[in-house]
Amino acid sequence: MTRLASHPVSDATGAAAQLFAAIKGAVGKVPNAYRDIGSNSPVVLESVLALDASLKKTALSARDVEVIKLAVSATNGCDYCVAAHTLMGKKAGLAPEALAAVREGTASGNAREDALADFARHLVTSRGTVEASVVEAVKAAGITDAQIVDVTLAITAITLTNLFNRINDTVVDFPKVR
């Protein structure tokens, strides 16, 4: 049961209705997280969508973005986003074993993706200036300076939805993660 306002998509008006129509047109439905964010703040939903649209223009592949979002979501304990990004990761070409490895923080066998996941986990679990060795390790895996900056955008985008879903206890409407 959600903790914040949650209204049926069909009851939305104004900016929320416009955003919901665009989401439904793009993906066929309005996921519960977007519905609940938009029910409370269309401005925040618009920002979430804009961040995700910006990610598509970065030097990160869709697969890279899903690795980062899944690693961060698992680290943050957001069951909603873990389920959503497990599905999205599968659609981006990640094998079930790789998805499980990212969720569990273990090696997947893909050094570049493991480095992205490790880097993202480090950024969300540490404080202060990141050690030079951490930056050197992600660069050694082939991640460029531009992609390192792009990682911060991916983390920003997913952290917003992770936090919202943790506050709201959003009902998961994606396949269960096994």
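These figures come from a predicted structure and were not determined experimentally.

Conventions and cut-offs
Residues numbered from 1 in each chain as written. Predicted model: local features only at pLDDT ≥ 70, side-chain atom pairs only at ≥ 80, totals over all residues. Heavy atoms only, no water. Axes fitted to C-alpha atoms, helices over the stretch in contact; angles between N-to-C directions. Helix = DSSP H or I, 4+ residues; strand = E, 2+ residues; numbered from the N terminus. Parallel < 35°, antiparallel > 145°, perpendicular 65-115°, else oblique. Left-handed = near helix turned anticlockwise from the far one by under 90°. Contact = heavy atoms within 4.5 Å. Nonpolar A, V, L, I, M, F, W, Y, C, P; charged D, E, K, R; others polar. 1 Å grid on protein atoms, 1.4 Å probe; cavity = no way out; pocket = protein on both sides within 12 Å on 5 of 7 lines; lining within 4 Å. Points joined across faces, edges and corners; volume = space filled by probe spheres on them. Buried < 20%, exposed > 50% of the residue type's maximum accessible area, 1.4 Å probe, protein only.

Peer 1: Can you help me understand the packing of helix α4 (residues 62–76) against helix α5 (residues 79–91) in this one?
Peer 2: The packing of two helices is summarised by the inter-axis angle and the distance between the axes. Where α4 contacts α5, the two axes come as close as 9 Å, and the packing angle between them is 160°. Considering the angle they form, α4 stands roughly antiparallel to α5. Crossing of α4 over α5 shows left-handed handedness. Taking contact as the criterion, the partners of E66, K69, L70, S73 and A74 in α4 are, on α5, C81, V82, H85, T86, M88 and G89. Looking at the contact of α4 with α5 residue by residue, the class counts come to 5 nonpolar, 4 polar and 2 charged.

Peer 1: Explain the packing of α4 against helix α9 (residues 145–168) here, please?
Peer 2: Between α4 and α9, whose axes approach to 9 Å, the crossing angle comes to 45°. On the basis of the axis angle, α4 is oblique to α9. Handedness of the α4/α9 crossing: right-handed. Two secondary-structure elements touch here, α4 through D64, I68, K69, V72, S73 and N76 and α9 through Q147, V151, A154, I155, A157, I158, T159, N162 and R166.

Peer 1: Where do I start with the layout of surface pockets in this structure?
Peer 2: Unoccupied space between atoms shows up once a probe the size of one water molecule is rolled over them. Quantified by volume, the largest pocket comes out at close to 940 Å³. Along its surface, the largest pocket is lined by 32 residues, and V27, Y34, D52, K56 and M88 are the ones closest to its centre. Elements with a contribution of two residues or more to the lining of the largest pocket: α1 (14–27), α2 (32–40), α3 (42–55), α4, α5 and α9. Sorting elements by how many residues they give to the lining of the largest pocket places α5 first, with 7 residues.

Peer 1: Honestly, the side chain of Q147 in this entry has me stumped. Any pointers?
Peer 2: Within the fold, Q147 resides in helix α9. By relative accessible area, which is 9% here, Q147 ends up buried. The residues touching Q147, leaving out its near neighbours within four places in the chain, are A59, L60, D64, R112 and G142.

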